Amino acid sequence: MSDHVVLHVKGRVLVGPEEVRDELWAVDGRITYERPSGAVDAVAVTGWALPGLVDAHCHVGLDRHGPVDEETSEKQALQDREAGTLLVRDAGSPSDTRWIDDREDLPKIIRAGRHIARTRRYIRNYAHEIEPGDLVAYVAREARRGDGWVKLVGDWIDREVGDLSPCWPRGEVEAAIAEAHRLGARVTAHCFAEDSLRDLVEAGIDCVEHATGLTEETIPLFAERGVAIVPTLVNIATFPHLADGGEAKFPAWSAHMRRLHARRYDTVRAAYDAGIPVFVGTDAGGSMAHGLVAAEVAELVKAGIPPVEALSATAWRARTWLGRPVLEEGAPADLVVYEGDPRADVRVLAAPSRIVLNGRIVG
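Tell me about the overall build of the protein, and please be specific about residues and values.
The helix and strand tally for the protein stands at 12 helices and 20 strands. The C-alpha radius of gyration of the protein comes to 21 Å, within 12% of the 21 Å expected for a compact globule of 363 residues. Along the longest, intermediate and shortest principal axes, the C-alpha atoms of the protein span 70 × 40 × 35 Å. Put simply, of all contacts in the protein between residues at least 6 apart along the chain, 65% involve residues at least 24 apart. On the protein, roughly 14800 Å² of surface is accessible, and the fraction owed to carbon and sulfur atoms is 48%.

Residues and numbers for the nonpolar core, please.
One finds L50, L152, I205, F222 and L300 to be the most contacted residues of the largest nonpolar core, which totals 79 residues. L152 has contacts with I116, L135, V139, W168, V173, V187, T188, A189 and H190, leaving out every residue within four places of it along the chain.

Go over the sheet that holds strand β5 (residues 53–58) with me, naming the residues and quoting the values.
Sheet architecture is open: three strands sit in the order β5-β8-β9, paired in parallel fashion. Two strands lie at the open edges of the sheet, namely β5 and β9 (108–111), each paired on one side alone. For this sheet the average axis-to-axis angle between neighbouring strands, irrespective of direction, equals 20°. As defined by bridge partners, strand β8 (residues 85–90) adjoins β9 across four bridges and the pair is classed as parallel.

Describe in detail a positive patch on the surface, supporting the description with residues and values.
Where like charges cluster on the molecular surface, the positive patch consists of R120, R124, R159 and K249. Among the structural elements, R124 can be located in the loop between β10 (116–118) and β11 (128–130). Among the residues examined, R124 registers a relative accessible area of 68% and is labelled exposed.

Conventions we followed
Residues numbered from 1 in each chain as written. Predicted model: local features only at pLDDT ≥ 70, side-chain atom pairs only at ≥ 80, totals over all residues. Heavy atoms only, no water. Helix = DSSP H or I, 4+ residues; strand = E, 2+ residues; numbered from the N terminus. Rg over C-alpha atoms; globule rule 2.2 N^0.38 Å. Contact = heavy atoms within 4.5 Å. Areas by Shrake-Rupley, 256 points an atom, 1.4 Å probe, with all protein chains shown as cover. Core = buried A, V, L, I, M, F, W, Y, C linked by side-chain atoms within 4.5 Å. Buried < 20%, exposed > 50% of the residue type's maximum accessible area, 1.4 Å probe, protein only. Pairing = 2+ DSSP bridges. Axes fitted to C-alpha atoms, helices over the stretch in contact; angles between N-to-C directions. Patch = residues over 30% accessible without salt bridge, like charges linked within 9 Å, V, L, I, M, F, W, Y side chains within 5 Å. Salt bridge = Lys/Arg side-chain N within 4 Å of Asp/Glu carboxyl O. Lys, Arg positive; Asp, Glu negative; His and termini not counted. Charge placed at Lys NZ, Arg CZ, Asp CG, Glu CD.

Listed below in structure tokens is the structure:
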């Protein structure tokens, strides 16, 4: 009997999109490709192994009304885990979820602190709601509280205008992004519409969420600056329903949301074709269910992104972008096992056969 906790994964280990090995071991929660010496009593798992999937736009600790209790946060994290999501970039949450870091059976979280929005220009109870003069101070605060990311609300409906409009003046957003970078944090922003994108990108932003407002004029700018997007297509699918609800009061906004929805696949494909980094995010939390990562990958494929690239956007490339390891020697043994090859058919992602976190089978 071995003194170590050992897991033996055999079959096809997808170290990268093209790099495949026949087996790996997890010893005391860490990956090794060298067979452990001596007598080994190992638990065996067989299939196609991928790095734990990434949901790069998720909200643990948040529902449609605002912050939730720890029991609800735990349920959300478990829903993500059961879908194979083992790494979350939490793109804004008013809840303190640091306790999850002590749980070896729950996904790892990279936090962006709490959303920062303009006063009365976002969903109630979600964000710090402030005026532009306070933006730099709040960005600094969230940069210190988060895990290397800060989340701005770049645009939202302006009730006086009756449509989406930018939330921040150019000068304030430039100063705020510069301060976040000085503190070692990257900045992302919620953006549905067209008008805020140029200012944000030229101000140095690192990523844009949703990015439904990309146009022929701004796509080259994103590509040139290397600004990533997280399209959240499973969320954009709700735009017609939202538009119906706002039709009577805000007809211009409703029509705008329908236009953004109608061209969503063309927008994502044009961004990908231009070389813009595209990553998988579901916008889980708020009004979206958790555990939709497989559905979002399928949506990217429907938009015209090649299947292996869509897979990489939730696996190898996504983890590299977030500074986290893949299935490499010495890395935490966070992986998902499937009965078929997800590179051949991304629908395989919807049915993981085994989920391994820190070298232990958890689902």
